[in-house]
Structure formats: structure tokens, C-alpha cells
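This is what each chain is made of:
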Amino acid sequence: MILLLQYTIIFAAVLTLVAIGGCFSEHSGVINIGLEGIMVMGALGGALVMRFSNYPASGNAFTLILLTMLAAVIFGMIYSLLLAVACINFKADQTIVGTAMNMLGTAAATVIVKAMNTRINPDNVSSTIQYINQKKAFLVNLGGFEFSWFMLVTVILLVCSYVLLYKTRLGLRLQACGEHPQAAASVGISVYKMRYIGVIISGFLGGLGGIVYITSGVSEWKFENGVAGFGFLALAVMIFGQWKPHRIAVSALLFGLFRALSNVYMGFNFLATLNIPSGIYNMLPYIICLIVLAFTSKKSRAPKAEGIPYDKGMR
Amino acid sequence: MKKFIKSEGGQSFIASILCIILGLLIGYVVLMFIAPKGAATAITTIVKNFFYYPSNIARMKYFGNTLVKTAPLLMCSLSILFAYKVGLFNIGASGQYTAGTCAALYLALGVGAPWWVCVLAAIICGALLAAISGLLKSYANVNEVISGIMLNWIMLYSANMILTKVKESTSPYTYTLASTNPGGIIPGLGLGKLFSNNQYITLAVPLSILIAIGIWVLLEKTTFGYELRATGNNKNAAKYAGMNEKRNIIITMMIAGALSGLGGAFLYLTGFEQWQCTQSSVPGMGFNGIAASFLGGLSPIGSIFSSYFIQHITAGGAYVDKSMYSAQISDLITSVIIYLCGFVGFIKLVLKKAAEKKEGGNK
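Residues numbered from 1 in each chain as written. Chains lettered and ligands numbered in written order. Predicted model: local features only at pLDDT ≥ 70, side-chain atom pairs only at ≥ 80, totals over all residues.

Visitor: Would you mind going over the pairing of strand β3 (residues 145–148) of chain A with me for this structure?
Guide: Both faces of the sheet carry side chains from a regular strand, because those side chains alternate between them. As judged from the four bridges shared by strand β2 (residues 139–142) of chain A and β3 of chain A, these two strands associate in the antiparallel manner. Looking at the pairing, L139 of chain A lines up with S148 of chain A of β3 of chain A. (Pairing = 2+ DSSP bridges. Helix = DSSP H or I, 4+ residues; strand = E, 2+ residues; numbered from the N terminus.)

Given below as C-alpha cells:
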């Protein structure tokens, strides 16, 4: 039971981070389908730091945590610029660019990791990075419950996001650009700047979500697999959460629970006796997602101007 | 020449060629970063693909193999293109492709059905899966991109579970068609003889080209096609003109799904590959289809060539020197090309302006 709780919280943390990232981008008016690719890149950045750190032989846990997060965030932000440049400056189709970013994220990460692995050991052609010892820096054992520092980071960022989005001038201006960019521009707000900020924040949170995801439960990651549709689950969480950080956090818990079930269902006697094949549990989060969306999308509160390139001449 | 630049098709063509060149260039730069020594050889290996083999016989055989995999890619690309014309982004093509594969292989291996039954089943299953996305879109306002991705994963796990029933006991792969049910293989009609007796060349290859032409006729020359495109251009206008936009969305998705599903049958019913029941990622065919349809300028005829090109470099990636590079370098190039396709609108605008400027100067 504790295990289920632990996995639910950590998966919910991933979904919250990434979904809030998507929420910033969409509030500024840019649909970020590329979250999945951003997660992979963030995960790659973080995993590389862990791979090359000598923890626990040298260096302390705090520095490692900080550096890993920093790398993930920087990788995510730089990668998100691909979306920003194409969609804000060049008015490219946001769906195509996002899709390309998802494919590119996985392909580039695989190429980079394989190149690195073969250089270190010519016989190693896998796309896997291991971080068994380094991962321990993130965990504190509280009587069977493995508390991860990422859980705390998520809560802090959740509060910050809420304040930023609703209580600051920047947040309100950002939202104006997603609702009616021409009106925002007419009162002197730079729509381009706001959209850049929105996309880069989504890169920050998406990258962080990526590293949290690959350290949740496993201690090595095969980059060929990307992040298994988690970026899209996060988008669903965002829609279910009606583009509001606090509601996103609640819906992330729901989706996190179903995702966690596929990891730990063997531990429950009544579930184990039902003898349901593991494939069903793997499908569960996606099925729940579809059902939930079917019932909640009708009264969608999406930012009105999302997905439409900003054109100064339009009214 | 000037006329060519001014025409819509000409602009698409130039934009696509630019995307390809830039994509290859970026691929080359990445290779340079990994290991500068072999980069030039590697990129030419990717572009050369089957020319890698010195003998003509081997070249023809591997050219044939590339064609075998081009047929399903073309189907996926047509599926995406068809939906896109109606304003839908069918990212679920991969799942529909998987659904088609699953239905075809299960009927062929588990029930022993003849090939045409399997092909029909693939079409129906692909269409049904896509219909879910269509229904959700038109009645519940669920974005088809999200529902498509969710269905991709649901379908992948379902296919793994279903096809485990017809799997070899010692390996994760399904039985081979040749040993279990030779009647399940799409007939070759002796076409393989043209490609150094490549047994995998079947009716699927010419049929896929015919279907591409059929889709072009459907979209450009029929009232039904016009209605669908009108729905894509402006949903509300189409509605006021008396077109049933909900029905059109569902029908479009079903046709798109049928095409992707058929793609699955076109690959797995040739016996070229077996399904791996422990597969942990959605097949890339549907995603490469996105690349092919945009690179082909969203024209069914253009798709024939762009599908071939994408498959050509993907196959070429397998020949790079594995001690330095990985085969995924072609995936990287493909995804860079799709990314660049996002800029096609911008490139066309520049071309148009340039053409107009030239005209003004001549006067």
C-alpha cells in the first residue's frame, strides 16, 4: 500500500510538472505538443550529469541533486527554443513542429547516448544510461516510504506557478496573449516576448519532469523508448485540469494512481488473484485518459487564441 | 522556370527539396560531432542505400526490399494526408497500422484465413480504431491528436497480448507465414522476378501506388472529396452550406484508419517481418508517414516519391559503420526534415515574394 502511495505521488509529480509546463505555453498562445520530446531531452541532460558524477565516492548529495536538476532544466529550455523559433517567429504549424520535436528528441537522445556508450566501450551499442548509485542521492527512506526530493520540488514549483500565473503582472500579461493577442499588443504588451517566456517555462518544467520520470522506480533508462507517451498524458492532465495549476495537481494524482497500479498491482492479493494480464494494467492510464477526456472536453476552457500564430495585422 | 516558381506545385517541390538538403546537412553536422573521420562516408552510405552492394543482382534485391517497406509507409502517409486535408491531424496512424497488423496476422496465423480475408480485416480494424477518434472529436470535442496518441498505446499493448497467442514458444516473434499458412501471403504474381527473385515483392507494391492515385482522384475530382476539403477549410461554412460536418469528420477518420490498417497488412502479409510481441514502443511507420506526407507537399502523388525517399534513407541508415554511428541517425534526419516542413509556409512566402519582385524588375 505504501508502495502504491509512493509511486502515485512520484508519477503525479511528473505529470504535474509537465502539465503545468504545457499550461504556461498554452496560456501564452502556443500549443506545446512537443512536451514529450522536451521531457526526453531534460531526462538526457539529468542522466548525463548522474552518469559522470562520482557520487557517493566523492561529492555530496545536495550538489548532485542541484546539478542534475540544473542540467535537465537547461536541456529542456534550450530544446523548447526549437518550438518557440518555429512557431512564434516563422508562424509554423504548431502540431507539425511539436510532432517533429517528439521524434527528434528520442532520435537525438538515442544517437547521443549510443555514440557516448560506444566511445567508452566499443562493445556497448545500447542506448541505456545507468545511475544506480547516483539515484540514491534523491531518496530518503521514511519507514518504507521512499521520499524523493523531487516531490518537495514539485510542490514548491506548483505554488510558484500558481502565484506567477495569477498574482503577478507577468502571469496576467502572459494569459492575455493567449486569449486575445491583438488586444494585449494594443496596450503595449510584446506578444512575441510573452510567448517566448511561456514556451521557455514549459521547457523548464518539461525538462525537469523528464528527469523525475526516469528516476521514478527504475535506475537505468533506455533512451530508444523515449518517455512512452507521458508527455501526452500530461497534456490530457492539463485539459482535465482546465488549464489551472491547482486543478492540474489534483487530476495528476488521479492519473498517477492508475499509472502506479501497473507498477505495483502484483503486491495486492485481490488484484493478483484476478489474474488480469499485465498488458491491461499498462493500458489502463491511457484508457482512463480517453474516458475522462470524453466527459470533460465539451466545456473546455482552453485559451482562446492558442494554436493561432500571432499576426500583427489581424484584428 | 519562372512559371514553375510561381505555380503552387513548383513552390512545394522547391520547398521539399530544400528541406531534404538542409535535413541531410544537419545530419552530416551531427555525424561530424560524433566522429569527424567517417562522417562523409556515413552520410553517403545513408543516401546510397542499396548501391552499397557492388553487384547489380544484390542491388536489385535490396531495392526490392526498400520498395516492400515503402508500400506500408505510403499507406500511412496517405492516411495522414487524407485526414489533414479535412483539417484533422491523424497522429494515430501508428495505432491504426498496429490494429491492421494485429488483425491480419491473427487471422492468418491463428485462424489460417486466406490473404484477402486478412487484408479486409486489417482495413476494417484500422477504420474502427480511427472511428473512435472521429466519434470523440465530433461528439465530445476531444482533440484527435491526444486521442490518437492514447489509442496508439492502447493498441500496442492489445496487439502484444493478442499476437502472443500465435507466437513462437522460444522467441518473442510471431510464427512465420511461410511455415504456418502460405495462403496468408499476398500473391506475388511473379513481380519478384524483376528484383532478382525477391520473394517479398507482392501485389502490395503496385497496389499502394494505385491507391495513391485513387486518393488523388477522390480528393480532387469528386463532390465527396470537395465536401471533405470544404469541411477542412472552414467547419462552420461547410455546416451552413448544408454539409454534415460531424459525419464528414467520422468518415474521414475511418478512411484514414482504413489506409493505415491496410499499410500494416501490406508489410506483415508479405512475410518480410514478424511481429515482436515484447515490443515496447509504438511502430515508427505512422510517424514516418507524417514526414512523408508533408515532404510530399500534401499531395498523394508527391507522397509516392517522398515515401520512397524516407524509406530509402531509413534503410540506408542500417549500413552505416556501427563501430562509430547508430542506425537511428536516419530517424534523426527524418525528424529534422519534418521539423523543417513546418517552415514550408515561410519558404513559399519567400519564393512568392522573390518571383513577384523579379517580375516588377523586368517591367
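Visitor: Looking at this model, I keep getting lost on the packing of helix α6 (residues 149–167) of chain A against helix α11 (residues 245–264) of chain A. Mind explaining?
Guide: For any two helices packed against each other, one specifies the inter-axial angle together with the distance between the axes. Residue and element names in this part refer to chain A. For the pair α6 and α11, interaxial distance at closest approach is 9 Å and the crossing angle is 150 degrees. Taken together, the axes of α6 and α11 are roughly antiparallel relative to one another. Contacts between α6 and α11 pair L158, S161, Y162 and L165 from the former with P245, H246 and A249 from the latter. Taken together, the residues of the contact of α6 with α11 sort by class into five nonpolar, two polar and no charged. (Axes fitted to C-alpha atoms, helices over the stretch in contact; angles between N-to-C directions. Parallel < 35°, antiparallel > 145°, perpendicular 65-115°, else oblique. Contact = placed C-beta atoms within 7 Å. Nonpolar A, V, L, I, M, F, W, Y, C, P; charged D, E, K, R; others polar.)

Visitor: Would you explain the nonpolar core in this entry?
Guide: Note that soluble globular proteins tend to have their nonpolar side chains buried in a common cluster. Ranked by size, the top nonpolar core spans 219 residues in total, and within it L15, A43, A234 and V237 of chain A together with A104 and L269 of chain B carry the most contacts. Here this core takes 15 residues from helix α4 (residues 56–85) of chain B, the largest share from any one element. Setting aside residues no more than four positions away along its own chain, A43 of chain A makes contact with A72, G210, I211, Y213, I214, W221 and V227 of chain A. (Core = buried A, V, L, I, M, F, W, Y, C linked by C-beta atoms within 7 Å. Buried ≥ 20, exposed ≤ 12 C-beta atoms within 10 Å, placed from the backbone.)

Visitor: Sorry, what's going on with helix α12 (residues 245–268) of chain B here?
Guide: Three or four residues apart is the spacing at which side chains of an α-helix point the same way, because the helix has 3.6 residues per turn. Given a rise of 1.5 Å per residue, 24 residues ought to cover 34 Å, and the 35 Å separating the end C-alpha atoms of α12 of chain B matches this to within 8%. Most of α12 of chain B sits inside the fold, with 21 of its 24 residues counted as buried. (Expected span 1.5 Å × (residues − 1).)

Visitor: Just to check I follow, could you spell out the interface of chain A and chain B for this structure?
Guide: Accessible area lost on assembly of the parts is the figure often given for the size of an interface. With 43 residues of chain A in contact, the opposing surface of chain B contributes 39 residues. Listing elements by their share of the side of chain A that touches chain B, those giving two or more residues are α3 (61–89), α4 (94–120), α10 (230–240) and α13 (278–296) of chain A. The element that contributes the greatest number of residues to the side of chain A that touches chain B is α4 of chain A, accounting for 15 residues. Across the side of chain A that touches chain B, the residue classes break down as 28 nonpolar, 11 polar and four charged.

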